[in-house]
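Examination of the molecular architecture
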Amino acid sequence: MKPNAPATAALLLLFGAFLGVLADRALSPRPRLEPVAAGGNRAPSKPLPALARPPASRTSPAPTALDPPAPPLTAEDFTAAFAAALREPDANSRQAQLFELAERIAPADVPRVIHLFEQLSHRAEREMLLNAFLTRWAGADSAAALRFAQQLPRPAERKSATRSVLGVWADTDNPAALAGAHALPPGSARNEALQTALGSLADKDPAAALAALNKSGLTTPNSGLTEAIFLAWAGRDPAAAAAQALALPPGRQRDSALQVVASTWSSSDAPAAAAWVAQQPDSKGKREMVQNVSSDLAAADPKAAIELALTLPPGNAQNQALANIASRWAAADLDAALAWVKQLPVGQARDNALINLSHEWAQASPRAAADFAASLPAGNTQNSLFASVANQWATADPASALKWALALPGEEARMEAVDASLVVWINDAPEEAAAFVAKLPGGDARRDLLGRLAVNWSRNDSEGALKWAGQLPASEQHLAYPPILAQVGAEQPAIAVTLLDKVVPEVRAALGEQIAEQWLQIDPAAARAWLATAPLPAELKQKLLKQ
């Protein structure tokens, strides 16, 4: 059956949105496999070193305080145990084993085994093992560990690894760590390294850390270094940190330092922070401080928080401060917060406050929140309340929440609420959500839900979503396949391209191009072989083959 024009237009919009979600995803390299003998897994040449505690997935007696510490591992022992850990099918147990092994490797042997982290394809496991290695190494030779960290090709891993090394180095030899951070190339990586070193020094002597920063000449507004020092300083002595921040030259950096001090101070002693903020003259910096401090104060004394917020001149800053108070107050006393918000004059302050407490309200009484939202004029505030109700309602009764959302007047409000409830249901029980959608009568609502179900399901479980799409009636498969194949194409492009005929021509070329571009990065030979006969326009195939 040929899809009608509105359905195709909606499909193109959904697919375009899904492509945007996938655009920033990095492709993880496949793990390198150890060679095995023809008969199966290669047996180690000697018994594997025992773990200090058994994997979590295995039943064993609980360890006692008298258990002896596990012996340190040589590079050879670690390599054998690492290969065995990779064969552990349970992800949590495997990660626990890898972390324990890294904790036991002799620091001098870390350079001989650190490359093994590259065999891990899962990002969390890679970073965990890499940072555990570097923490061990930095305890013995921080400079060498930092050089290794700086040579990592992946930016995210390089930043995380640098931070791990500098954290150890700064605690053991702060002047040397500062010198090492200064020697890095200018940019965000050096700023983060300096934050780590200066933050460690600030924990012990914030005045010395500020002096070291001023001496370095790196007090640029965007470096974050001043803020890092005042964050540590305010945690130790907020009054002294506030006085020092006020002594900074007027400008953006002073405002940022004051904001950090106020926020940190209010988290530990909101009344004292509020009293200090109230004494400051009106300025952009004070308006920002009042927003944060009044929010913290609201948890203990909402009336005092409101008084502080009202010291601001009417406008966006005051409105936001009142909204922050509503959110914190609602978490402690929903009924009192609601009564206060409802008596506010109609306007932006009341709208912001309603939106901020909508999560608590919808969680406590979704029908009451829904009825109140229905009494509001159509617009962003009503839409936000409807979405909050749908989201919270779906955690307890997704079918009722989705039925309610589908019956809402106004397309924008309805779609926001439908998405909010559907996402919760798909995360918890996608098969149940699919069964609900399948029972709906044919029409635009059903077609739209099929597309949204495919988008959200494939993000969490592309294989399950693919199986579901194959079981749909032939007349509806074209609605589900595009976002699912886009996701599968990032993981298993050879499978995704075999199903491109399930996609309408208006989407096929864009989807095929996306899958081919990702495939060319993973397996260029296989991708080029497919492109030779791919059902794509000739000019597009030529463009891809030139990459």
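How each quantity is defined
- Residues numbered from 1 in each chain as written.
- Predicted model: local features only at pLDDT ≥ 70, side-chain atom pairs only at ≥ 80, totals over all residues.
- Heavy atoms only, no water.
- Helix = DSSP H or I, 4+ residues; strand = E, 2+ residues; numbered from the N terminus.
- Buried < 20%, exposed > 50% of the residue type's maximum accessible area, 1.4 Å probe, protein only.
- Contact = heavy atoms within 4.5 Å.
- Core = buried A, V, L, I, M, F, W, Y, C linked by side-chain atoms within 4.5 Å.
- Salt bridge = Lys/Arg side-chain N within 4 Å of Asp/Glu carboxyl O.
- pLDDT = per-residue confidence, 0-100.
- Expected span 1.5 Å × (residues − 1).
- Polar contact = N/O pair within 3.5 Å; in protein donor to acceptor, adjacent residues only side chain to side chain.
- Phe/Tyr/Trp six-rings, centres within 6.5 Å; stacked < 30°, edge-to-face > 60°.
- Axes fitted to C-alpha atoms, helices over the stretch in contact; angles between N-to-C directions.
- Parallel < 35°, antiparallel > 145°, perpendicular 65-115°, else oblique.
- Nonpolar A, V, L, I, M, F, W, Y, C, P; charged D, E, K, R; others polar.

**Remarks on the overall build of the protein chain**
Looking only at helices and strands, the protein chain features 30 helices and zero strands. Counting the 547 residues in the protein chain, one finds 47% classified as buried. Within the protein chain, counting contacts between residues at least 6 apart in sequence, those at least 24 apart form 57% of the total.

**Focus: the nonpolar core**
Counting residues in hydrophobic clusters, the biggest one holds 166 residues, and the most contacted among them are Phe78, Leu129, Phe230, Trp404 and Trp468. Each residue touching Trp468, except ones within four places of it in the same chain, is listed here: Ala434, Leu450, Leu453, Ala454, Trp457, Ala480 and Ile484.

**Re the pattern of salt bridges**
Tallied over the entire structure, the rule returns 14 salt bridges. A salt bridge links Glu127 to Arg123; the nearest nitrogen and oxygen atoms lie 3.3 Å apart. In this pair, Glu127 and Arg123 both sit in helix α5 (residues 123-150), four residues apart, roughly one turn of the helix. We classify Arg123 as exposed; its relative accessible area is 54%. Salt bridges sharing partners connect three or more residues here, namely Glu76, Asp109 and Arg112.

**Section: the confidence of the model for the protein chain**
Should pLDDT be low for a region, the predicted coordinates there are not to be read in detail. Of the residues in the protein chain, 86% reach a pLDDT of 70 or more, and the chain-wide mean stands at 82. This stretch, residues 21-66, has a pLDDT under 50; its non-local contacts, to residues over four places away or in other chains, come to 52 contacts.

**Observations regarding helix α14 (residues 284-298)**
Note: α-helices contain 3.6 residues per turn, so residues at a spacing of three or four share the same orientation. The end-to-end C-alpha separation of α14 is 22 Å, in line with the 21 Å expected for 15 residues at 1.5 Å each. For α14, the complete set of buried residues consists of Gly285, Lys286, Met289, Val290, Gln291, Val293, Ser294, Ser295, Asp296, Leu297 and Ala298. Among the structural elements, α12 (252-268), α13 (270-278), α15 (302-309) and α16 (316-332) are those in contact with the buried residues of α14.

**Details of the environment of Gly285**
Along the polypeptide, Gly285 turns up in helix α14. Taking C-alpha positions, Gly285 is 7.6 Å from Ser256, a pair spaced 29 residues apart along the chain. Every residue in contact with Gly285, bar those within four places of it in the chain, is listed here: Asp255 and Gln259.

**Things to note about the side chain of Asp109**
Note on placement: Asp109 falls in the loop between α3 (91-104) and α4 (110-113). Asp109 sits in the buried class, given a relative accessible area of 15%. A distance of 3.1 Å separates a polar atom in the side chain of Asp109 from the backbone nitrogen of Ala75. Apart from residues lying up to four places away in sequence, Asp109 is in contact with Leu73, Thr74 and Ala75.

**Side note on the packing of aromatic side chains**
Taken as a whole and assessed by the stated rule, the structure comprises 12 aromatic pairs. Aromatic rings pair up to connect Phe78, Phe82 and Phe133 into one cluster.

**Notes on helix α8 (residues 188-204)**
Taking 1.5 Å per residue as the helical rise, α8 with its 17 residues ought to reach 24 Å, and the 25 Å between its terminal C-alpha atoms agrees with that figure. Within α8 the residues assigned to the buried category are Arg190, Asn191, Ala193, Leu194, Thr196, Ala197, Leu198, Gly199, Ser200, Leu201 and Ala202. Buried residues belonging to α8 abut α6 (155-172), α7 (174-182), α9 (206-216) and α10 (225-236).

**Focus on the packing of α9 against α10**
Contact pair α9 / α10: the axes reach a minimum separation of 9 Å and the direction vectors enclose 170°. In this view, α9 runs roughly antiparallel relative to α10, as classed from their interaxial angle. On α10, the residues touching Pro206, Ala207, Ala209, Leu210 and Leu213 of α9 are Leu225, Thr226, Ile229, Phe230, Trp233 and Arg236. Looking at the contact of α9 with α10, its residues break down into nine nonpolar, one polar and one charged.

**Focus: the packing of helix α18 (residues 348-364) against helix α19 (residues 366-375)**
For any two helices packed against each other, the geometry comes down to the angle between their axes and how far apart the axes lie. Close contact between α18 and α19 brings their axes to 8 Å; oriented N to C, the two are set at 150°. Taken together, the axes of α18 and α19 are roughly antiparallel relative to one another. When α18 is examined against α19, the residues Arg350, Leu354, Trp361, Ala362, Gln363 and Ala364 are found in contact with a partner set consisting of Pro366, Ala368, Ala369 and Phe372. Here the contact of α18 with α19 is built from residues that sort into eight nonpolar, one polar and one charged.

**Comments concerning the side chain of Asn174**
Structurally, the position occupied by Asn174 is in helix α7. A polar contact is formed between the side chain of Asn174 and the backbone oxygen of Ala170, at a distance of 3.2 Å. When sequence neighbours within four positions are dropped, the list of residues in contact with Asn174 reads Trp169, Ala197, Ser200 and Leu201.

**Points about the environment of Ala272**
Residue position: Ala272 is located in helix α13. Taking the C-alpha atoms as reference points, Ala272 and Ala262, 10 residues apart in sequence, are found 9.9 Å from one another.

**Re the environment of Leu531**
Along the polypeptide, Leu531 turns up in helix α29 (residues 524-531). Among residues more than four places away in sequence, those in contact with Leu531 are Ala516, Leu536, Lys541, Leu544 and Leu545.

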